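In case you want the letters, here they are:
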Amino acid sequence: MNKHLVIVMLLSAFTSNVWANNSDTTDIERKQPAHWSHLPIWGDKARELGYELPIPVGFNIYYNKQSVAYDAKDNFNLGLSGSGWLNNLNANVVIPADDVIITGEDESIQLRADAWVLPFLNVYGLAGYTKGHKDILADLSNAQGLGNGGIDMVLPIPIEYTAYNLGLGAVLAGQAEVIPGMHPFIFTGVAAFTNSWTTTTDSTIQTYIGSIRMGQRYDIGGDKLAFLVGYNYQMINQKIGGSYDFNIPLLGRPGGIAIDYDVHLVSSESHNMSVSMVYDFGPKNEWNVFLEYGFLNWDQLLLSVGRRF
């Protein structure tokens, strides 16, 4: 076995006790008796070889905020119904996807439970709550269904929603001495999927996530501090259906337009960069804090606090 290859945790699951090689095998076995969960599989063999393993089971609370641009995947369908002085308005309108601009911002709280099932493989599940909004600008100049042509105007449609989600993910992690004499480099890879159900619109949201991170970890007294840079992949797929009412009075006469909308959107960009920090502390480094900022194609802030048991 390559003794330069050691296991680390990603995000808050990534603690300081990760497979540090130690020539005193007896001391490692005294410090790390078998875990109550009997995880990870092959953990006893790893400890016999002198590796110090992370605490296998952990829970974390995450706060995530991101601002993302979207594209309409198909044409934007609107049903227009007028009232009051606009009572004669009744039309089904189709707006070309290229004439629709969509931006959005989400904030979420997630509870994550994870376990190292193998010394190099972590799996996790999460459940959470999201509050967000989408701002849609629909250019009606090329819209179909408005008589002989479109209308030279941009229709704003604000959409606010809340959602509950479930997700699953897996982490592969390792460490290698790339340059002799330097701190070893940490490498992590993640794949995850979440599905969200909104409570205020007729909508579901699927999010596909992948990431690769690398960095170095340093001893700070009895604590551990790591800095990483990463490449992140994220694809958001959402179908939104709902309605929005515009109040349009004229010279004291009441009037309005009810809009039924239906749009299938995807995130405009799927590739991003990130910088992150992991701080492990406590008598057994069982507590951890994770902070990450994503940049390049969308802005994202991620903060996590967790404990391992």
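Residues numbered from 1 in each chain as written. Predicted model: local features only at pLDDT ≥ 70, side-chain atom pairs only at ≥ 80, totals over all residues. Heavy atoms only, no water.

## Things to note about the confidence of the model for the chain
1) Next: On average, residues of the chain carry a pLDDT of 87, and 89% of them reach 70 or more.
2) Next: Between the elements of the chain, mean pLDDT differs from a low of 45, seen in strand β1 (residues 20-21), to a high of 98, seen in strand β15 (residues 299-308). (pLDDT = per-residue confidence, 0-100. Helix = DSSP H or I, 4+ residues; strand = E, 2+ residues; numbered from the N terminus.)

## Overview of the pairing of strand β7 (residues 121-139)
1) Next: In this structure, strand β6 (residues 100-118) lies alongside β7, joined through 18 bridges in antiparallel fashion. In the strand pairing of β7, Ile109 is matched with Tyr129.
2) Next: The hairpin formed by β6 and β7 contains two residues between the paired strands.
3) Next: Both β7 and strand β8 (residues 154-176) contribute to a ladder of 19 bridges, which runs antiparallel. When the bridges of β8 are listed, Ala138 appears paired with Leu155. (Pairing = 2+ DSSP bridges.)

## Side note on the environment of Ile151
1) Next: Relative to the elements of secondary structure, Ile151 occurs in the loop between β7 and β8.
2) Next: For Ile151, a relative accessible area of 39% corresponds to the partly exposed category.
3) Next: Separated by 10 residues in sequence, Ile151 and Ser141 have C-alpha atoms that sit 4.7 Å apart.
4) Next: The residues touching Ile151, leaving out its near neighbours within four places in the chain, are Leu140, Ser141 and Leu146. (Buried < 20%, exposed > 50% of the residue type's maximum accessible area, 1.4 Å probe, protein only. Contact = heavy atoms within 4.5 Å.)

## Quick word on the pattern of salt bridges
1) Next: The tally for this structure, following the rule as stated, stands at four salt bridges.
2) Next: Notably, a salt bridge pairs Arg213 with Glu292, separated by 2.7 Å at the nearest N-O pair. In this pair, Arg213 is assigned in strand β10 (residues 202-220) and Glu292 in strand β14 (residues 287-295), connecting sequence segments 79 residues apart.
3) Next: Overall, Arg213 belongs to the buried group, its relative accessible area being 6%. (Salt bridge = Lys/Arg side-chain N within 4 Å of Asp/Glu carboxyl O.)

## Considerations on the pairing of strand β11 (residues 223-247)
1) Next: Both β10 and β11 contribute to a ladder of 19 bridges, which runs antiparallel. Each bridged residue has a counterpart across the sheet, and for Met214 the counterpart in β11 is Val229.
2) Next: Where β11 meets strand β13 (residues 271-281), 10 bridges bridge the pair, whose relative direction is antiparallel. Of the residues in β13, the one forming a bridge with Phe227 is Met277.
3) Next: Note that β11 and strand β12 (residues 255-267) share 11 bridges and pair antiparallel.

## Points about unusual backbone geometry
1) Next: In this chain, Leu39 is followed by Pro40 through a cis amide linkage whose omega measures -5 degrees.
2) Next: Along the chain, Pro40 falls in the loop between α1 (25-31) and α2 (43-48).
3) Next: Notably, Asn285 is not glycine yet its phi reads approximately 55 degrees, a positive angle.
4) Next: Among the residues examined, Asn285 registers a relative accessible area of 6% and is labelled buried.
5) Next: Positive phi is not limited to glycine here, since Leu296 has a value of about 110 degrees.

## Thoughts on the nonpolar core
1) Next: Among the nonpolar cores identified, the biggest contains 31 residues, and Phe76, Leu78, Val93, Ile95, Ile136 and Ile157 are the most heavily contacted of them.
2) Next: For this core, the secondary-structure elements that each account for two or more residues are β3 (57-72), β4 (76-84), β5 (90-95), β6, β7, β8, β11 and β12.
3) Next: The element best represented in this core is β12, accounting for five residues.
4) Next: Residues within four places of Ile157 in sequence aside, it is in contact with Phe76, Leu78, Lys134, Asp135, Ile136, Tyr244, Ile259 and Tyr261. (Core = buried A, V, L, I, M, F, W, Y, C linked by side-chain atoms within 4.5 Å.)

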